[in-house]
Amino acid sequence: MALIRLRGISLAFGPDKLLDDAELVIEQGERIAVLGRNGQGKSTLLKLLDGEIEPDEGEIVLSDGAKIARLQQEVPSGDDDRTVFEVAASGYDDHTAKALQQIEADGYTDLEVEGTDVWRASADIKSIISKLHLEPEAKVASLSGGQKRRAMLARALAAEPTVLLMDEPTNHLDIDSVIWLEEFLGKITATLVFVTHDRKLIKSLANRIVDIDRGTLTSWNHPYDKFLELRADALAAAETHDKLFDKKLKQEETWIRQGIKARRTRNEGRVRALKKLRDERSQRRAKTGNADINIQTDNKSGKIVFKLEKVSHNLSGKQLISNFSTTVMRGDKIAIIGPNGSGKTTLLKVILGELEPDEGASTHGTNLDIAYFDQLRAKLDEKKSAADNVSEGADFIEVNGERKHIMGYMQDFLFDPERARAPITKLSGGERNRLLLAKLFTRPANVLVLDEPTNDLDVETLELLEYTLLSFTGTVLMVSHDREFIDNIATSTIVLEGNGKLAEYVGGYSDYLSYAAASSKKSKPAKDSNKTNTKSQAKPTATKAVKLSYKIQRELDELPAKIEALEEQKTEIEEKLADPTVFKDLEKMQSVQSEYTENATALTNAYARWEELESQANPE
């Protein structure tokens, strides 16, 4: 059953149309992920579906009984004095919301409401709030960011929508909240239309992909991985078509410019055909290219970058870090995860020396050039253009020792001259994030500290950032809730487990889950905090077995040499990834990336096997 139909929808806020004669049908029960580059109109499409804005042309037709609610990106401010119940009730019209609030406060209402059973609605709201693990009377101002997001979800669900629209629902949630949201959305019956950069969420929920590209909506009734494969084929076919078209146009332009003799015998039908070709070519909108993200590195840092020794720290009487030690080596890419409020930012500040620990010591290595990406602190000047925010008003900047015009640099980050000169108030959330990255990478760095760098980025730019970080030979510390991003980048993961307890694991988020599952049966194979190699784990040395068989003992004895070989291979692959010529050859880049992934998997498995056999040989 079709719930919503978009017919010939066109909408423009500038010279190019965000939507150009777009068509879309949304069926009951579908779970649609809306993808597209930043600034292509994903959020605008949701606003059109919600009725917040009207199209310039075309119509949006709703079926009888279709009811739409939208979960917006923004969450209530810190001074919002409403209760969770009041926020949820605001999903109704003002008059009904007032009656619901009166029932909640006084147990009765003297307001007449048409079309809604307010007593039943009041009970339903409380049921939804309970399912979202919130308290109706809790003040919104006292909630964490994740809890505020749940309160807004209660508001969206309160009026029992048949279609739920969600714009970046995972932004600023911790990983546990993202997983909870994923499971919750998987159980509700409403049709879902959502915009997200979280690839695991797309893979888990979406049964259909709608791609926005140059004003056109293209629907793919396939899971995400199949969509990527088919879209790549479609783009290649379109590129071939455009090349053949341009060749034909060039031939016809050559013919039309021939001498007087040719003009006297000119075929008028051919002239009309040429005019049609010219018109068609003038209407073609070029595909947005890939961002060209490069990190400047002048000098190598020392081998040891940061070292924490038995560090403890309290904040407002709460133990955030307790007796934690770790050594960060040059080339480590370390993810920091944990619930909101668990101390991730505090840990970063202790590592960076911005905060003195209550106990223990935090020391820095030598020759550190640190670049810090922090969305909350890296403020953009709203009065300046995008380009001026990056260059501070200069026409040229220095990148990797070369003088480069600011407009050329901005185009590397997908800002055309018009967009670069525009005030940043005109930029989408994803474009602002990309602008922050452009600003960050104007300075050389051998240590990157990234606090939620993936929020609002489109998937293509996100994947390119991953490739860039993998090829970066320096050190990366990152706080992120993006599970796939962590899996693809991290060589080790620090987990804040609560009550000041921290543990470090080899690999990314999925590796941490595997280790955590194993720890329920045996002692946790946490990473040695006194590690001394680039894999963020101590080099193993075989110890004498007590109860191992000959075969297992031999395997244990051979593992250190195997791990050493894998470490050497890892260094060689990283040197290949650091070669900029690799990224000019897509096939070569994919081959080297595959090598890196295989090596990382083999190294992780080797360490895990060594720790398993060591624990057997030397049980505590």
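Keep in mind that what you see is a predicted model, and the values were worked out from it rather than measured.

1. Looking at the pairing of strand β15 (residues 396–399)
What you see with β15 is a clean split: I397 and V399 sit on the buried side and F396 and E398 on the side with no burial. Relative to strand β16 (residues 402–405), β15 runs antiparallel, the two sharing four bridges. If you follow V399 over to β16, its bridge partner there is E402.

2. Examining the side chain of E452
One can find E452 in the loop between β17 (447–451) and α16 (459–471). Buried and unpaired, E452 has K344 as its nearest opposite-charge partner, separated by 6.3 Å. A distance of 3.0 Å separates a polar atom in the side chain of E452 from a polar atom in the side chain of H481.

3. A few points about the environment of L436
Note on placement: L436 falls in helix α15 (residues 429–440). Judged by its relative accessible area of 10%, L436 falls in the buried class.

4. Let's talk about the confidence of the model for the chain
For the chain, the mean per-residue pLDDT works out to 82, and 84% of the residues sit at or above 70. Contacts for the low-pLDDT stretch residues 523–546, under 50 throughout, to residues beyond four places or in other chains number 86 contacts.

5. Brief notes about the nonpolar core
By size, the foremost hydrophobic cluster in this structure holds 55 residues, and its most contacted members are Y409, M410, L435, F441, L448 and L469. Residues within four places of L469 in sequence aside, it is in contact with I295, K333, L448, L450, V476, F485 and I489. Of all hydrophobic cores here, the second largest spans 53 residues; its members include A33, A121, I129 and F184.

6. Quick notes on the pattern of salt bridges
Tallied over the full model, the rule gives 21 salt bridges. A salt bridge links R483 to D198; the nearest nitrogen and oxygen atoms lie 3.6 Å apart. Here D198 lies in the loop between β7 (191–195) and α7 (199–205) and R483 lies in helix α17 (residues 483–489), a separation of 285 residues in the sequence. Exposure remark for R483: the relative accessible area of 5% places this residue in the buried category. Its relative accessible area of 1% is what places D198 among the buried residues. Its salt-bridge partner being K203, residue D225 comes within 4.0 Å of it at the nearest N-O pair. Taken as a pair, D225 in helix α8 (residues 224–256) and K203 in helix α7 lie far apart in primary sequence, 22 residues in all.

7. What about the sheet that holds strand β5 (residues 68–71)?
Overall, mixed pairing links the six strands, which are arranged β5-β6-β7-β3-β8-β9 in an open sheet. Since the sheet does not close on itself, it has two edges, and those belong to β5 and β9 (216–220), each with one partner. Within this sheet the neighbouring strands show an average axis-to-axis angle of 20°, counted without direction. Packed on one face of the sheet, helix α1 (residues 42–50) meets β3 (31–36), β5, β6 (163–167), β7, β8 (208–213) and β9 and runs near 150° to β6.

8. Regarding the packing of helix α5 (residues 145–158) against helix α6 (residues 175–187)
Here α5 crosses α6 at 15°, and the two axes come no closer than 13 Å. As judged from the angle between their axes, α5 and α6 are roughly parallel. Note that α5 runs across α6; the crossing there is right-handed. Residues R150, L153 and L157 of α5 form the contact with α6, whose participating residues are S177, W180, L181 and F184. Across the contact of α5 with α6, the residue classes tally to five nonpolar, one polar and one charged.

9. What about the side chain of T191?
The residue T191 is located in strand β7 in this model. Residue class for T191 comes out buried when judged on its relative accessible area of 1%. Discounting chain neighbours no more than four positions away, the residues touching T191 are L3, I26, E27, Q28, G29, E30, T162, V163 and L164.

10. A few points about the packing of helix α3 (residues 94–106) against helix α4 (residues 118–131)
Packed helices, taken two at a time, are described by the angle between their axes plus the distance between the axes. The N-to-C vectors of α3 and α4 enclose an angle of 70°; their axes lie 10 Å apart at closest approach. Considering the angle they form, α3 stands roughly perpendicular to α4. On α4, the residues that touch T96, A99, L100, I103 and E104 of α3 are V118, W119, A121, S122, I125 and K126. A breakdown of the residues in the contact of α3 with α4 according to their chemical character gives seven nonpolar, two polar and two charged.

11. A look at the sheet that holds strand β10 (residues 304–315)
The antiparallel open sheet is built from three strands, whose spatial order is β11-β10-β13. Only two strands of the sheet have a single neighbouring strand rather than two, namely β11 (318–329) and β13 (359–364). Adjacent strand axes in the sheet meet at a mean angle of 15°, parallel and antiparallel pairs treated alike. The sheet contact formed by β10 and β11 spans eight bridges and is antiparallel. Along β11, the bridge assignment pairs F306 with V328. Against the sheet, helix α11 (residues 344–352) makes contact with β10, β11 and β13, and its axis sits at roughly 130° relative to β10, the strand it touches most.

12. What about the environment of Q102?
Mapped onto the elements of the fold, Q102 is located in helix α3. As for Q102 and E86, which are separated by 16 residues in sequence, their C-alpha atoms are 10.0 Å apart. Those residues in contact with Q102 that sit more than four places away from it in its chain are G107, Y108, T109, D110 and L111. Among the polar contacts listed, one links the side chain of Q102 to the side chain of D110, at a separation of 3.3 Å.

Analysis parameters
- Residues numbered from 1 in each chain as written.
- Predicted model: local features only at pLDDT ≥ 70, side-chain atom pairs only at ≥ 80, totals over all residues.
- Heavy atoms only, no water.
- Buried < 20%, exposed > 50% of the residue type's maximum accessible area, 1.4 Å probe, protein only.
- Helix = DSSP H or I, 4+ residues; strand = E, 2+ residues; numbered from the N terminus.
- Pairing = 2+ DSSP bridges.
- Lys, Arg positive; Asp, Glu negative; His and termini not counted.
- Salt bridge = Lys/Arg side-chain N within 4 Å of Asp/Glu carboxyl O.
- Polar contact = N/O pair within 3.5 Å; in protein donor to acceptor, adjacent residues only side chain to side chain.
- pLDDT = per-residue confidence, 0-100.
- Contact = heavy atoms within 4.5 Å.
- Core = buried A, V, L, I, M, F, W, Y, C linked by side-chain atoms within 4.5 Å.
- Axes fitted to C-alpha atoms, helices over the stretch in contact; angles between N-to-C directions.
- Parallel < 35°, antiparallel > 145°, perpendicular 65-115°, else oblique.
- Left-handed = near helix turned anticlockwise from the far one by under 90°.
- Nonpolar A, V, L, I, M, F, W, Y, C, P; charged D, E, K, R; others polar.

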